[in-house]
Amino acid sequence: MKDYEKKIAEIEKNAKSDSEIDYSEIPKLTEKQLTEFRPRYQVNREFYKPIKKATTIRLDADSLDYLQHSGAGWQTRVNEYIRKGIASGQL
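Within every chain, residues take consecutive numbers counted from 1 along the sequence as written. The predicted nature of this model means local features are confined to residues of pLDDT at least 70 and side-chain atom pairs, given and counted, to a pLDDT of 80 or more, with totals for whole chains, interfaces and linings taken over all residues. Here the side-chain values reflect all heavy atoms present in the structure, with hydrogen atoms and water set aside.

*Asks:* Describe in detail the overall build of the protein, supporting the description with residues and values.
*Replies:* Secondary structure follows DSSP: runs of H or I at least 4 residues long count as helices, runs of E at least 2 residues long count as strands, and numbering of each begins at the N terminus. Secondary structure assignment for the protein yields 4 helices and 0 strands. Along the protein, from the amino end to the carboxyl end, the secondary structure elements read α-α-α-α. With C-alpha atoms as the basis for the radius of gyration, the globule rule is written as 2.2 Å multiplied by the number of residues raised to the power 0.38. Its C-alpha radius of gyration of 22 Å places the protein more than 25% over the 12 Å reference for a compact globule of 91 residues. Expressed as lengths along the three principal axes of its C-alpha atoms, the size of the protein is roughly 60 × 45 × 20 Å. The classification of residues rests on relative accessible area computed with a 1.4 Å probe and restricted to protein chains. Under 20% of the type maximum is buried, over 50% is exposed, and intermediate values are partly exposed. Looking at the protein as a whole, 5% of its 91 residues qualify as buried. When the accessible surface of the protein is summed, it comes to about 9200 Å², and 54% of that surface belongs to carbon and sulfur atoms. Calculation of accessible area relied on Shrake-Rupley with a 1.4 Å probe; when residues are assessed, cover is drawn exclusively from the protein chains displayed.

What follows is the structure, given as C-alpha cells:
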C-alpha cells in the first residue's frame, strides 16, 4: 500500500459522520454576510485555475482582427470579457 493510500485509510478511519459533528458553536451567517459572498474565481485569484478547454467558435472577421491586433493575451482578454458578461448577467 502506498503512503498516500495509508494516509487516506487513516483519515477515513478517524473521520466523523455528519451527524456526529457539533455545529452549535458556529454562528449563523447574516444576510449581509451572505450578500458579500463572491464566486470562487473572484477570491484568491492566484489559487484558482479553471480548467481550460480548447474549442472552435465563429467570429466576425473584423472582430477577430481587432482582438488579435490588440496584442499578446487577446484570447485571455476574450475569456475575461465573457466571464464579466456572465457575472453581470448580460450573457
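After that view, the rundown keeps rolling.
*Asks:* Which residues make up the layout of surface pockets, and what values go with them?
*Replies:* Points on a 1 Å grid over protein atoms alone make up a cavity when a 1.4 Å probe fits among them but cannot get out, and a pocket when they form an open set with protein on both sides within 12 Å along at least five of seven lines; lining residues each have an atom within 4 Å of a point. Grid points are joined across faces, edges and corners, and a volume is the space filled by probe spheres set on the points. One number sums up the size of the largest pocket: a volume of about 530 Å³. Lining the largest pocket we find 18 residues, and of these Lys53, Thr55, Gln75, Val78 and Asn79 sit closest to its centre. Those elements that place two or more of their residues in the lining of the largest pocket are α3 (61-68) and α4 (74-88). With 7 residues, the single largest contributor to the lining of the largest pocket is α4. When residues are sorted by character, Ala, Val, Leu, Ile, Met, Phe, Trp, Tyr, Cys and Pro go into the nonpolar class, Asp, Glu, Lys and Arg into the charged class, and all the rest, Gly among them, into the polar class. Its residues placed into classes, the lining of the largest pocket shows 9 nonpolar, 6 polar and 3 charged.

The values are spatial; any link to function lies outside them.
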